[in-house]
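Observations on the three-dimensional arrangement
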Amino acid sequence: MKKFLALLLIGAMTLSTVACGGSDAPAAEETQQETTEAAPAEPAAEEEAPAAAEEAAPAGGDAASSITLWTYPIGKWGDEATVKGLTDTFTAKTGITVNVEFLAYADGDDKVNTAITAGQAPDLIMEGPERLVANWGANGYMVDLSDMLDDTDKSEIQAAPLAACTAPGGEVYEYPLVMTAHCMAVNLNAFKEAGADQYLDLENHTWTTENFIKAVEALYAHYGDTVAAVYCAGQGGDQGTRALVNNLYGGSYTDAAHTAYTWNSPENVKALEQLKSMDGIAFDASLAGGDEIAKFYQGVLKMAFCWNIAQQLDPNAAGTGAGLTITGDEIAFMSFPSETGESKLQGGIWGFGIFDNGDAARIEASKQFIKYMADSEATKDAVIAANYFAVRSSAEGTDLSTIWADNDIMNEYQVLMPQLGDYYQVTPGWAGQRTAWWAMLQKIGSGTDVTEALTQYEGEANAAAAE
């Protein structure tokens, strides 16, 4: 079954052969960690790549005895005790100590960019391709890790995440570790009470656009109030609204080559007009993704568009255990609705990159760290700490396909993985277009014509991409 899922995933995602690196997780918190897909802020235009250290160790020389790792909160890679356990075992094996700084999505990019400007970037960083490849890598700050990947590695790592971590020129700026699919969720008790559960395929966790519309109508008829929110207070969790709009009628977000944004299509116009017309769905400029999840946990909203395995496993905001709302209602995760029931989900990929600080000894030590965490007997623990799915089938003989064999929720969630779509978060101007997206949703919510709003803000997004 695992091999079958892997083959399906490769087929679904390798449509993007030019991928060079987005939760959100994550939406993670891009959805668990901050329940947003945080935007990668770019270094100031006048910054230059850090100069090589004056006394760098010769290439291929001994590794340094100490390195620094900065990590965004990717599952328990944001937890000090968990990370200390992982780094202590690495130190015991190699003699290399690891000094760790924990970043938040709210200001992490600013800290990294400030460090780059000051020539004090960390040796290692853990996050996704939209930062490591499309931002810092594209701007010349990262080490090419392609020499770490032999033929065995390339056969074990799924093609899609490896492609996302590779720049157009072939440089590998991120060594991938884990991945997931972002999805949505429904309050199953509320659906049953309203007679809307008949529109859900709970075996496959899918539904059609037609059944989604019928379900909203049934929920609104029963509760007489808003049951779902197209949240647009900011970019937090915007992977959910993008997937909702694009999947309803088969629209796209970017071109296949990841050079331009393609929001203003007949399919997306139809989707946004449909959502705007529906009783029970509100375009809410007071909510971002995390706010929507809070209202969903409270039972105020009957579905959430900002969801992934992190919430399904451990909804801390609810405090009632996995898969339950505050009032104890059952939560069912669902793919986004589409005309056929087969959707293209937004994916999250996380791994490690090395900043090129010009010190060959520190680079060598950092590569040892990556090898240990992402391709050794220790990889299982590193993956479990992230609370996501391994990007590879095995690591140096260690089978990674059964990591979650004892976790019913993780095993069930794997049904969504073949639906992963194009990893388009590497398109130029990513940070700027995210602002344009939620501003566009706000305009539509306030009454602006859908085509007019799409035309204006797609133009702004493509202007950002061209800069």
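Above: the structure in question.
Here is what the cut-offs are and how they apply
- Position labels on residues start from 1 in each chain and follow its written sequence.
- Whole-chain, interface and lining totals are the exception, using all residues; otherwise, since this is a predicted model, local features are given only for residues with pLDDT of at least 70 and side-chain atom pairs are given and counted only at 80 or more.
- Derived side-chain values reflect all non-hydrogen atoms in the structure, with water molecules and hydrogen atoms excluded from consideration.
- Each salt bridge in this description consists of a side-chain nitrogen of Lys or Arg and a carboxyl oxygen of Asp or Glu lying within 4 Å of one another.
- To qualify as a helix, a DSSP run of H or I must reach at least 4 residues; to qualify as a strand, a run of E must reach at least 2; elements of each kind are numbered from the N terminus.
- The buried label applies to any residue whose accessible area, calculated with a 1.4 Å probe on protein chains only, is under 20% of its type's maximum; exposed applies above 50%, and partly exposed to all values in between.
- Stacked, tilted and edge-to-face are the three classes applied to pairs of Phe, Tyr and Trp rings, where Trp contributes its six-membered ring and a pair requires centres within 6.5 Å; stacked means planes under 30 degrees apart, edge-to-face means over 60, and tilted covers the rest.
- For a Lys NZ or an Arg CZ to count as sitting over a ring, it must be within 6 Å of the ring centre and within 35 degrees of the ring normal.
- Here a strand pair is declared whenever DSSP counts at least two bridges between the two strands.
- Interaxial angles span 0 to 180 degrees and are taken between N-to-C directions of axes, which are lines fitted to C-alpha atoms, for helices over the stretch in contact.
- Under this scheme an angle from 65 to 115 degrees is roughly perpendicular, one under 35 degrees roughly parallel, and one over 145 degrees roughly antiparallel; angles in between are oblique.
- In a left-handed crossing the near helix is turned counterclockwise from the far helix by less than a right angle, and in a right-handed crossing that turn is clockwise.
- In what follows, residue pairs with any heavy atoms lying within 4.5 Å of each other are defined as contacts.
- Note on residue categories: nonpolar means Ala, Val, Leu, Ile, Met, Phe, Trp, Tyr, Cys or Pro, charged means Asp, Glu, Lys or Arg, and polar means any other residue, Gly included.
- Nine residue types can take part in a nonpolar core, namely buried Ala, Val, Leu, Ile, Met, Phe, Trp, Tyr and Cys, and a core is a set of them joined through side-chain atoms within 4.5 Å.

**As for the pattern of salt bridges**
As enumerated under the stated definition, the model contains 14 salt bridges in all. Taking the shortest distance from any N to any O, the salt bridge between Asp 123 and Arg 362 comes out at 2.7 Å. Taken as a pair, Asp 123 in the loop between α3 (108-117) and β3 (124-127) and Arg 362 in helix α13 (residues 360-374) lie far apart in primary sequence, 239 residues in all. Given a relative accessible area of 4%, Asp 123 falls into the buried group. In this structure Arg 362 comes out as partly exposed when scored by relative accessible area, which is 26%.

**Here we look at the packing of aromatic side chains**
Given two aromatic rings, one states the distance between the centres and the angle between the planes to describe the pair. Counted under the stated rule, the structure contains 22 aromatic pairs. Note on Phe 191 and Trp 207: the rings are 6.1 Å apart at their centroids and 55 degrees apart in plane angle, and the pair reads as tilted. Note that Phe 191 is positioned in helix α7 (residues 188-194) and Trp 207 in the loop between α7 and α8 (209-223), a separation of 16 residues in sequence. The same class applies to Phe 191 and to Trp 207, which are both buried. Taken together through their ring pairs, the aromatic side chains of Tyr 253, Tyr 261, Trp 263, Tyr 424, Trp 430 and Trp 437 make up a single cluster. Here the basic side chain of Lys 302 rests over the ring of Tyr 223, its NZ or CZ set 4.4 Å away from the ring centre.

**Notes on the pairing of strand β5 (residues 183-187)**
When you tally the buried positions in β5, you get five out of five residues, the bulk of the element. Alternating positions in β5 separate into two faces, Cys 183, Ala 185 and Asn 187 on one and Met 184 and Val 186 on the other, with burial throughout. Direction of pairing for β5 relative to strand β8 (residues 303-307): antiparallel, over a ladder of three bridges. Within β8, the position partnered with Ala 185 by the bridge is Ala 304. Pairing between β5 and strand β9 (residues 331-334): four bridges, direction antiparallel.

**Details of the pairing of strand β10 (residues 347-354)**
Across the eight residues of β10, eight count as buried, placing the element largely inside the fold. Across the two faces of β10 the burial is the same, with Gly 347, Ile 349, Gly 351 and Gly 353 and Gly 348, Trp 350, Phe 352 and Ile 354 all buried. As paired elements, β3 and β10 share four bridges and run antiparallel to each other. Bridging from a neighbouring strand, Glu 127 pairs with Gly 351 of β10. As judged from the six bridges shared by strand β4 (residues 175-181) and β10, these two strands associate in the antiparallel manner. The residue of β10 that forms the bridge with Pro 176 is Gly 351.

**Overview of the packing of helix α9 (residues 238-248) against helix α10 (residues 266-277)**
Remark: α9 packs on α10, axes separated minimally by 7 Å, with the N-to-C direction vectors making an angle of 110 degrees. On the basis of the axis angle, α9 is roughly perpendicular to α10. When the axes of α9 and α10 are compared, the crossing they make is right-handed. Contact with α9, carried on its side by Leu 244, Val 245, Asn 246 and Leu 248, involves Asn 268, Ala 271, Leu 272 and Leu 275 of α10 and no other residues of that element. Grouping the constituent residues of the contact of α9 with α10 by class yields six nonpolar, two polar and no charged.

**Observations regarding the nonpolar core**
Counting residues in each nonpolar core, the largest one holds 146 residues, and the members touching the most others are Trp 77, Phe 212 and Met 303. A total of eight residues in this core trace back to one element, the largest contributor, which is α13. If we skip the residues at most four places from it in the chain, Met 303 touches Met 184, Ala 185, Val 186, Phe 191, Trp 207, Phe 212, Val 216, Leu 219, Val 227, Ala 228, Glu 292 and Phe 296.

Fair warning: the whole summary comes from geometry, so function is off the table for now.
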